[in-house]
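Reading the structure
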Amino acid sequence: MMTPETFRVEAHRLVDWMADFLENIEEYPVKPATKPGDIIKQLPVSPPLQGESFDSLFKDFQSIIMPGITHWQHPHFHAYFPANGSYPSILAEMLTTTLGAQCMIWETSPAAAELEEMVMNWLKEMMALPNAWHGVIQDTASTATLVALLTAREKQSGFRVNDEGFSGTEKYRVYCSSETHSSIEKGAKVAGIGKKNVVKVPVDELLAMKPDLLEEAIKKDIQAGYTPLAVVAALGTTSTVSVDPLKAIGAICSKYNVWLHVDAAYAGTALLLPECRWMMEGQELADSFVSNPHKWMFTHFDCTAYFVKDKEALIRTFEILPEYLKTATRGQVNDYRDWGVQLGRRFRALKLWFVIRSFGIDGLQKTLRAHIACAEDFEAKVVSHPDFELILPRSLNVVVFRFKPAGEDNLETLNQLNEQLIKTLNASGKVFISHTKVNGVYCIRMVLGNTRLEQRHVEEVWSWIRDAAKSL
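Residues numbered from 1 in each chain as written. Predicted model: local features only at pLDDT ≥ 70, side-chain atom pairs only at ≥ 80, totals over all residues. Heavy atoms only, no water.

A look at the overall build of the chain
Across its full length, the chain carries 14 helices and 11 strands. For the chain, the C-alpha radius of gyration of 24 Å lies close to 23 Å, the compact-globule estimate for 472 residues. In terms of its C-alpha atoms, the chain occupies a principal-axis envelope of roughly 70 × 60 × 50 Å. When each of the 472 residues of the chain is scored for burial, the buried share is 51%. Expressed as a percentage of contacts within the chain between residues at least 6 apart in sequence, the contacts between residues at least 24 apart total 73%. Surface exposure of the chain reaches about 21,900 Å², of which carbon and sulfur atoms provide 55%. Of note, the chain has its 49 positive side-chain charges centred 3 Å away from the centre of its 57 negative side-chain charges. (Helix = DSSP H or I, 4+ residues; strand = E, 2+ residues; numbered from the N terminus. Rg over C-alpha atoms; globule rule 2.2 N^0.38 Å. Buried < 20%, exposed > 50% of the residue type's maximum accessible area, 1.4 Å probe, protein only. Contact = heavy atoms within 4.5 Å. Areas by Shrake-Rupley, 256 points an atom, 1.4 Å probe, with all protein chains shown as cover. Lys, Arg positive; Asp, Glu negative; His and termini not counted. Charge placed at Lys NZ, Arg CZ, Asp CG, Glu CD.)

Focus: the confidence of the model for the chain
Looking at the chain, the pLDDT average stands at 94 and 100% of residues meet or exceed 70. Mean pLDDT per element in the chain: helix α7 (residues 183–190) is the minimum at 91, and strand β7 (residues 304–308) is the maximum at 98. (pLDDT = per-residue confidence, 0-100.)

Comments concerning helix α13 (residues 411–427)
Its 17 residues give α13 an end-to-end C-alpha distance of 24 Å, which sits within 8% of 24 Å, the value for a rise of 1.5 Å per residue. Inspection of α13 places Leu414, Asn415, Asn418, Leu421, Ile422, Leu425 and Asn426 among the buried residues, and these make up the whole buried set. The buried side chains of α13 occupy one side of the element, clustering within an arc of 125 degrees when seen end-on. α13 presents Glu412 and Ala427 as exposed residues on the side facing more than 90 degrees away from its buried surface. Here the buried face of α13 lies against β8 (388–390), β9 (398–403), β10 (434–438), β11 (441–447) and α14 (455–470). The backbone nitrogen of Glu412 lies 3.1 Å from a side-chain oxygen of the residue at the head of α13, namely Asn410. Looking one or two places after α13, you find Gly429, whose phi comes out positive at around 80 degrees. (Expected span 1.5 Å × (residues − 1). Arc of directions from axis to C-beta. Polar contact = N/O pair within 3.5 Å; in protein donor to acceptor, adjacent residues only side chain to side chain.)

Shown next, in the form of structure tokens:
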């Protein structure tokens, strides 16, 4: 067993290692050259009978684990949406882990519950969200979306499904665009609505949902005996950060009494910028909203901000009160275990509090604007180069483009070239880039939003892309 004295020594050692790692992260390959099975074959098939020294553990961490890690905090991690962190977030996580608090109800950690309430109110103010909304921290946007669908289901059924289960006569429908995140289908499966009852609404030339076709689908379903349950509007789709027209969609939802959930998992952070709040026009028509500070707000995974208009419907959907959880403060405080799926809850509010206080609103806005400026510059480089093509206009800090050498117009050939280009770049270890497809076109998807991103990184990656393209 580790003694307090040994813990103190090793903890200082790890903090030094952590600081060195983050300071020198650019010296690491973004993505390892690891092949399937490379890590597990270095691990013993059975656990040790006797305890081992921490020195032995840490050496194995460095020699076995580190070579197989993809470095999400690297400034040349441009694949997917980032899972950003920051120094104050790390320090808060250290304190959270040390406290080891289980924050399911107010009684189990009063400070955690009240800090979460205040931090969510801060976020609401910072993002100019409706003051009447109520916020809670969930683990991920997938969970938040499931919570929204379950609450919509219970409100629609008069809270009967929770008590009695499905009778077999319910025919619920959920609507989203063809570009919406896979968590919508997963949520429909878990909620018992069924994947086949998720209606994918066609999109326009910018890949945003067409409101007229949404209303057409709802009318058609009503005539066929279905009950429209919920619409999920995307403020920033996963592939291209396309923005659905919230106001028009909200008007349709109000007309047909359909729950409107807004999925702004990534792009929601941009609401910190007044110039980006056009995305939320019509927000008063929404029933729930989700955004992930653990993506673009420099707060370590996991930390999802979920807001709901009807707090009582949310609590009634999830509350359950065994004898051992009955407290004298019930009804006077927020017992957040009634606000979602989980009973056990981590003290996630602490790291978000540390980040907001350390950066300040000005610091957060400055960093976001710097990322968007980097993306604007990268977009300009693509547009001005004769052998590259912008597929869609830049959305926030995401650029979707492809390599298209002069004179080459065959779709299959171009798709193969771009697939090979990404493979070549990622194999170099210098950068990690992902792809998407837009109307059958294989595209390179560049996300310029890492905490440590600077303009010089834009220059570097553009140079690597052009050089790799020349070699194809």
